[in-house]
Every structure is written in structure tokens, then in C-alpha cells.
Protein chains: 2
Amino acid sequence: MTTKLFRNARINTPVSNSSRTAEKKGSYSISFWECGAVLVKNGLIERIGDETEVLKGLSHKQVDQEITCEGRCLVPGFVDPHTHMCFSSPREAEFSKRLAGTPYLEMLKAGGGILSSVRSVRESTDEVLLGATRKNVMTALLHGTTTVEIKSGYGLDTKSEIRMLKVIEQIGRETPLDIVSTFMGAHAVPMEYKGDSDGYVDLIVNEMIPAVSRECGSAFCDVFCEEGVFSVPQSRRILLAAKEHGMASKIHADEVNDTGGAALAAEIGAVSAEHLLATNDTNLAAMAKAGVIAVLLPATAYSLRKPPANARRMMELGLTVALSTDCNPGSSFTQSMPFVFSLAVMNMMMTVNEALAACTLNAARAIRMDSIVGSLEKRKYADFLILDGETPAILAYQTGVPPIYSIFKRGECMADCFQERRTVR
Amino acid sequence: MTTKLFRNARINTPVSNSSRTAEKKGSYSISFWECGAVLVKNGLIERIGDETEVLKGLSHKQVDQEITCEGRCLVPGFVDPHTHMCFSSPREAEFSKRLAGTPYLEMLKAGGGILSSVRSVRESTDEVLLGATRKNVMTALLHGTTTVEIKSGYGLDTKSEIRMLKVIEQIGRETPLDIVSTFMGAHAVPMEYKGDSDGYVDLIVNEMIPAVSRECGSAFCDVFCEEGVFSVPQSRRILLAAKEHGMASKIHADEVNDTGGAALAAEIGAVSAEHLLATNDTNLAAMAKAGVIAVLLPATAYSLRKPPANARRMMELGLTVALSTDCNPGSSFTQSMPFVFSLAVMNMMMTVNEALAACTLNAARAIRMDSIVGSLEKRKYADFLILDGETPAILAYQTGVPPIYSIFKRGECMADCFQERRTVR
């Protein structure tokens, strides 16, 4: 039993609105306290609000540690709801080729892209895979991410997919972060099924999904629905089979072409659809009506030199927007949610409050973790960041330098970045 | 006398070409060694090249410390040739206003922008000014910057300008970085000269420049040549007066409007002209002919939501291009050269080698420090970065996360970032 009191913080946090209709379930408001305090008991938020309110009836004996935030801004820890952080090595050489002009789908066809990560995951030892995943996850933590979703999808056979999911689960036990795993056998068609994607879908449906359901704790199944990858009917078949085994749906939809992935997400009641660079308004509206969350990945657009998704239009259409790094070795090798926050504000014209909600509460909703993380509310985890500024705008103002003063996960200090920055040898 | 041997490094460094004509003085080639080594003696590079060559005739007794880079990429430390890192506080609230749509020149007219930093510099104690400057400089160092230029220009009276330059010089003595100071009394017209910019130019020419020349070690004088700030004739007058007192010229040219600042730079033989967002081809060609270096500031364009300068066109016209953060509390509050590198590659279509030269050797040329820093060559300072990747492309590939494994200034380890990232409490 430890009790910590954080004082003199400018607290900014989204708070869920209580409406329960599908269209409104993504709504929120921003709570702000100019001189706020948080009382943390055993890693959970016990009290939060104006300092004078929090202190009422509280005796010194009840508090083990008192921390002053010295007027700095305090926000929820970032939730990164869409990553591929489990891989065995980056693909730096391929990135350089892409800079020289080779299109991504062309590299994929030639056995590069995702398939080269598949080869290296299959060939690497557990130690290598664990090490590389741990490094990604710890880099994310030290940039303020306290909860992260990680997908499989570089195994593409039953054994390797399960191995990936077990590695993800082990990293979840080893590191302080909360980690949610997603089964994504349908990330690409593996070489051994080249020209027979239906045969591979059979394998996913008949063998992988039952095995994953039996052996792993994945809450979600995700599909890369795109021309040349998985069609809408194939994606539907996979996601419905996974649903029967208790896995909720996610879809990589309309990243390159408007193939109807967003419409499918609405049809089957997916939790989220991701990317959405090419989606038409009709399908976006259908998503909004069905309560499907739009997970936008501006660092991917940046890295692919594409315009980002039209977040403003999506919000106009009533969609709940979340943001994510999409951290992966191909199209977005960044673990930094502060960078994503900055891109959202500077390139996507989201307001600071919209970006804050999209990186925290809405991101938690996109991985169904919003009952315990994503906002600073009583009985939720004490996952928060003390920023090196007065408002969350500092995250866009000081781009490229994570302006994070310190990071708390379940009330424990994970890193005092500014302290570290001063540790010059 | 300490001798250190760095082995198994993928060394990438620009190297000056020896041509001495003005048009060609910015040329370089990139040297690359797949398995390279650097022998460092007393902070200077004694030998560099292929490992087998460097090791020839070298006995163990001659080496005090051996460091393996384990195949990582080794590049020169960044030189940041254009910053305003000496200020007393950020302007976060103004940034939020700007996001809400207030144009910069309008804020400047209303006493905001630069003028609010002037007020706070004049009002703050030496301790505050030193502390804020030190924090900027150390953040830059921990993002790989080993040499930095810092301008005055938030004092705008003789006493305050000299005070700023002395603070900059003190930070240069206190911190491990090499710091070059630039006198920029002509950063804005102070409130007390509102409507009488010629009167303020008189003050600069008759009082400030002689005093700075007497009391400070500034090698450069810079002017903000822009509509509503200083005209071309005023800028010419200031820069020629400074030249007589031994200060070489720099010009903030054509950032908002094409006012002829670039042409002036060519006319008076300035060392560099900066920003260049609105410059026409004729004036760019004149700059190239006169050997004026183009210092481009993509983080400023990013923060102002503007398209970046046309670096490709400038290089076609024969200009030497350098890159810089422009770190300042108004239009670009970032200390990160890795972020600038990434913007250059992803948004300005510069190649990785062009960006590398622009952030190191060409940046050193822009502040006349290229005889000792900016490239890894015999007898230069052993200022270099071991990157957490195989090529300099990692700096664009992993945006938002400085992918720097460790930082050496004059052969001394300044920070082992990756080590720090693992220090989770």
C-alpha cells in the first residue's frame, strides 16, 4: 500500500461522456485544472481534481510521498493502439530503396516488404525476437506510451504466428507497459501460398484462428484488406471466424485504394478501421453510424510521403478519431507518440485537445482498454506524463524532442527524461 | 594524452573538395568505409579510414581505450548553424494562438512575437537567461549537435545585446559544445523606436556594433531583412558597418516576401542567407555565383505550416545548402537536428547524403568552422555520433526518436542515449 500525492499540476485529461448509443459512444470532454492534484493509491487514481478539493480531509499520515509538478502540465500516458512492434530487425536498406522511388506494393510483390520481415521472424531465435520487441516497447515507453497494442503478422504460418503472440505476451509480462495483442495472420499472403490466397484464408480460418484462440490471449483479429492482399469477401470470412472465437475485429482499410474495407468494418461492427487514406464519405458515415473508431496513422503517411488522412472531415461526419504510430519496419519505423501528436496538429489541423483525446482516451477505446486507461479518472490506472511545458500544446510546439519531464505507469516513475538528458558524461 | 581507437564502424562523412573558386567552394564528396576505424588523440582525429589501414603499424601500447561500434554507422556530430537558443522562456501560449490562426507578422505588430521575448530577456536575471540557454544547448547536444551558432537579438538595446552575447559566450565555456555567437541587434525594431526604424539603425551602427566589437567575440552580424522589419538599404548599412568591425554577414532573407535579401547577400558577399522561402531564381543564382551558402530551416516551415524551401532547385542552381533548426521560441522551438534531417529527406526530397552534408560540413561552412568541425578528417575535432543503425538513412527512417547510440565531442563520450533509454526506474 503506497500513497502518492502529485501537486501543483496543470491537469488536462479527456473524460468519457456517459451516453451509450453507438453514435455517441466516442464522445468526450476535456477536464482542466489550473492547480490540480492527483492522489494515487497502489497504482490507481484515488482522487483527482482541483488541489484544494483533493487535499480536503487528507492528513499527512495518509500520504507516503508528495511530488510537486511545479506547474507543469499533466496528461494521461499515451495509448498506442496500432503497432507491429514485434519483428526481428528493421528494414533500413529497403527504406533507402523506397526513398529512391520503388513503390511499396512493388516491393511486396518482389518478396520484400512484409515478406522479408516474415523470413527474418521465422529464421530468428526467440532471444532475437524478444530483444528487438523489447527495444521497440521500451523506446515507446520512454516517449510516453504506457499502453500499447502489438499485432502478429510476420509469422504467416500457425506455429510462427503463435510464437509471435507468445513473444508479445511475454514482453507484456516483462515490461511495465500494458500490452494488448492482436492476431494478424492476414497481414500478407506468404510465399508458400503465392497465387492461392483462398488456400491461405482456409488455413487462417480452419487452423490458425482455433489455435490462437486456444493458446493465446489475443482480444482482436486484424486483416490487411487491400487490392493484391485480402479482398473484402476474404476479410469478412476471416473476421467472422475470429469473432466466433471471441476475437473482436480490426481492419487495415483503404490505405492505398478505396476497396470497401471501411464499409466492411461498419457492416460487421469492427472495433476500429485503420489508415483510411482513400475512404469515401459514404463509408466513413457508415463507420460513424456503426460506432467504428477511425485509427489514423500520420507517421505512416509522412514516411510514405503521402497526404495524411482527412481527420477534420471524419470528425465532421461524427467519427471517433484515434491516433497511432503504426510502428513497423516498413512504412513507419517510429515509436514516438509525441511525433504523431505533432503531425496531427501541424499537418492534419487537429486541435490540441482533439489530438490529446485521440492519443489517449480514443486510442484506449480502439483497443477496449478505456475502462482502465486513457483518461485520468477515479479508479483508473495512474498512468500519466508530466510534460516539460504548461499545456499539451508543448507536444506540437517542441517537435522532434519529446518534451516529457517524467513518465508514471501505475504510479511508478518510469523515467525522468529531463534528468537523464542532463546526465552528460 | 589519451588515445582512443573506434573500430568496426560504418563511417559516412562528407569531405571537402579542394577547389578554391567561389562557385565551387561548397563542393564535397562522401567518404564511406564499410568497416572503418578512427584513431583519436587528445580529442583530434589522428587517423581515419578502412580499419586495416588505420591499424597498420599501430601497437596496443599506443591505444588507451578501444571501442567497438559493432557495425553501427558513424557520422560527424551535427553543426547547427542558425539558432536563437538564448532566450529566457518559451512562448507556448503564443504558439497556441498561432494554431488558432493569428498570423505571425500581426502578432509582431501587436508587441508579441520577438518583442515579447525582448521584454522577458530584459526583465530576467542572468541566472534565468543562463539556465534557459543552457537547457536548450544541452538538449541540442543530446540530440547530436556538437557545434552550434547562437544569435543575440532579444535585447535590442546596447546593454542587453551585449549581455546576451556574454551569456552565449559563458555557455560556450561551461558546456562541451563549440559555440559561435552572432550579433543580431537587427532582429526587430524595439518598442521604443516604433515608427523610427532609421533611428534604431543609427543606434545599431553608431553604438551597438562598436560596443559589440570591443566587448564580445562575435564573428558574425545578422539582419532580419523583411517587409515591416528592416529594408534592404537598412540591412546593407548595418552589415557593411559590422563588416568594418570585423563581423562577417548573414541575412534572414525572403522568409515571407521576396524583398531582395538574397540579392543583398550576394552583393555584399555574405557568408550565408537563411530561410529563402520566397526568393526568385535570379537572386538564388546570384547567391550561388557569390558563394553565399543557403541555410534552410525546414522545422520553421513545418511549424508555420508552410511548404519548405526548394532545396532541389537551389542545388540545381549550384548553391551550397546547409540545414539548421532555427531553434527559437516563436517559429521553431525544436533543438533536434535529427528532426531537421528527417524533414529534409522526407519533405524536401534531399537525398540522405545531401542531408548529411547539409547538417555537418555545409553547416560548418556557414559559420566558418569547417577547418575544425563538420567532417571527419585528419586533425579535425573528433566530434561524431554513433547511430543506432547501419546508414545515415536511419535519421529519416526513425523520425521522432533520435536514433543515436552515442555522442562524442572531442573524443569524449557525452551521452550514451540508448543506455539511458534503458535506465527505467
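Residues numbered from 1 in each chain as written. Chains lettered and ligands numbered in written order. Predicted model: local features only at pLDDT ≥ 70, side-chain atom pairs only at ≥ 80, totals over all residues. Heavy atoms only, no water.

Engineer: Hey, could you go over the state of the cysteines for me, with residue numbers and the actual values?
Structural biologist: Residues and elements named next belong to chain A. For the structure shown, the criterion picks out 0 disulfides over all chains. Cysteine 73 takes part in no disulfide bond, and the closest cysteine sulfur, belonging to cysteine 69, lies 9.9 Å away. In this structure cysteine 73 comes out as buried when scored by relative accessible area, which is 0%. Cysteine 327 forms no disulfide, and the closest cysteine sulfur to it belongs to cysteine 86, at a distance of 11 Å. (Disulfide = S-S within 2.5 Å. Buried < 20%, exposed > 50% of the residue type's maximum accessible area, 1.4 Å probe, protein only.)

Engineer: Account for helix H4 (residues 114-123) of chain A, with residues named and values stated.
Structural biologist: Counting along an α-helix, one turn takes 3.6 residues, and residues three or four places apart therefore face a common direction. Residues and elements named next belong to chain A. The set of residues buried in H4 consists of Ile114, Leu115, Ser117, Val118 and Val121. Each buried residue of H4 lies within a common arc of 155° when the element is viewed along its axis, so the set occupies one face. As for H4, its buried residues are in contact with helix H3 (104-109), helix H5 (126-141), helix H6 (158-174) and strand E9 (220-225). (Helix = DSSP H or I, 4+ residues; strand = E, 2+ residues; numbered from the N terminus. Arc of directions from axis to C-beta. Contact = heavy atoms within 4.5 Å.)

Engineer: Help me get a handle on the nonpolar core, residues and values and all.
Structural biologist: Core analysis: the largest hydrophobic core is formed by 218 residues, its most contacted members being Ile238, Leu296 and Leu323 of chain A together with Ile238, Leu296 and Leu323 of chain B. Sequence-distant contacts of isoleucine 238 of chain B, that is, excluding residues within four places in its chain, are made with Ala186, Val201, Ile204, Val205, Ile209, Cys221, Val223 and Phe230 of chain B. (Core = buried A, V, L, I, M, F, W, Y, C linked by side-chain atoms within 4.5 Å.)

Engineer: So what about the relation of the copies chain A and chain B? Which residues, and what values?
Structural biologist: Mapping chain A onto chain B calls for a rotation angle of 180° and an axial translation of 0.0 Å; the resulting RMSD is 0.0 Å. Such a turn and shift between the copies fits a two-fold axis. Among all residues of chain A, the minimum C-alpha distance to the rotation axis is found for glycine 400 of chain A, at 2.4 Å. Same-surface contact between copies: 100% of interface residues of chain A are shared with the interface of chain B. (Least-squares fit on C-alpha atoms with pLDDT ≥ 70 in both.)

Engineer: I'd like to hear about the interface of chain A and chain B, residue by residue, with values.
Structural biologist: Across the boundary between the two partners, chain A contributes 53 residues, which contact 53 residues of chain B. Carbon and sulfur atoms make up 58% of the surface buried where chain A meets chain B, a total of about 4,600 Å² over both sides. Between the two partners, chain A and chain B, sit 2 salt bridges. Close ionic contact of lysine 135 of chain A with aspartate 388 of chain B constitutes a salt bridge, the shortest N to O distance being 2.8 Å. Joining chain A to chain B, the criterion identifies 22 residue pairs in polar contact (both at pLDDT 80 or more). Contributions of two or more residues to the side of chain A that touches chain B are made by helix H2 (92-99), H5, helix H11 (298-303), helix H13 (337-346), helix H16 (394-397), strand E16 (412-415) and helix H17 (417-422) of chain A. Each residue belonging to the side of chain A that touches chain B can be placed in one class, and the counts come to 25 nonpolar, 17 polar and 11 charged. (Buried area = accessible area lost by both parts, 1.4 Å probe. Salt bridge = Lys/Arg side-chain N within 4 Å of Asp/Glu carboxyl O. Polar contact = N/O pair within 3.5 Å; in protein donor to acceptor, adjacent residues only side chain to side chain. Nonpolar A, V, L, I, M, F, W, Y, C, P; charged D, E, K, R; others polar.)

Engineer: Any chance you could break down the confidence of the model for chain A for me, citing the residues and the numbers?
Structural biologist: Detailed conclusions should not be drawn from predicted coordinates in areas where pLDDT is low. Residue and element names in this part refer to chain A. This prediction gives chain A a mean pLDDT of 94; 96% of its residues lie at or above 70. Here residues 418-425 scores under 50 on pLDDT; set against residues more than four positions off or in separate chains, the count is 26 contacts. Quick note on the complex model: pTM equals 0.96, ipTM equals 0.95. (pLDDT = per-residue confidence, 0-100.)

Engineer: If you had to explain the sheet that holds strand E10 (residues 248-253) of chain B to someone new, which residues and values would you point to?
Structural biologist: Residues and elements named next belong to chain B. Ordered in space as E6-E7-E8-E9-E10-E11-E12-E13, the 8 strands form an open sheet in which the pairing is parallel. Single-partner strands in this sheet number two, and they are strand E6 (78-80) and strand E13 (321-323). Here the average twist between neighbouring strands, direction ignored, is 25°. Sitting on the sheet, helix H13 (residues 337-346) touches E6, strand E7 (145-151) and E13, and the angle it makes with E6 is about 90°. (Pairing = 2+ DSSP bridges. Axes fitted to C-alpha atoms, helices over the stretch in contact; angles between N-to-C directions.)

Engineer: Could you give an account of empty space enclosed by the protein, with specific residues and numbers?
Structural biologist: All names here are of chain A. One pass over the full model with this rule turns up 7 cavities of 30 Å³ or more. Considering only enclosed or pocket space, the second largest cavity measures out at about 60 Å³ in volume. Looking at the second largest cavity, the residues that line it are Glu255, His275, Leu277, Leu297, Pro298, Thr300, Ala301, Leu304, Pro308, Ala309 and Met348. Here the lining of the second largest cavity gets 3 residues from one element, more than from any other, and that element is H11. (1 Å grid on protein atoms, 1.4 Å probe; cavity = no way out; pocket = protein on both sides within 12 Å on 5 of 7 lines; lining within 4 Å. Points joined across faces, edges and corners; volume = space filled by probe spheres on them.)

Engineer: So what's going on with the sheet that holds E9 of chain A? Which residues, and what values?
Structural biologist: Residues and elements named next belong to chain A. The 8 strands are arranged E6-E7-E8-E9-E10-E11-E12-E13 in an open sheet whose pairing can be described as parallel. The open sheet has two edge strands, strand E6 (78-80) and strand E13 (321-323), and neither has a second partner. For this sheet, the mean inter-axis angle between neighbouring strands, taken without regard to orientation, is 25°. As defined by bridge partners, strand E10 (residues 248-253) adjoins strand E11 (residues 272-275) across 4 bridges and the pair is classed as parallel. By the bridge assignment, isoleucine 251 is partnered in E11 with alanine 273. Relative to strand E8 (residues 178-186), H6 is tilted by about 170°, and along the sheet it contacts strand E7 (145-151) and E8. Helix-sheet contacts for helix H9 (residues 261-268) involve E9, E10 and E11, and the interaxial angle to E10 is about 165°.

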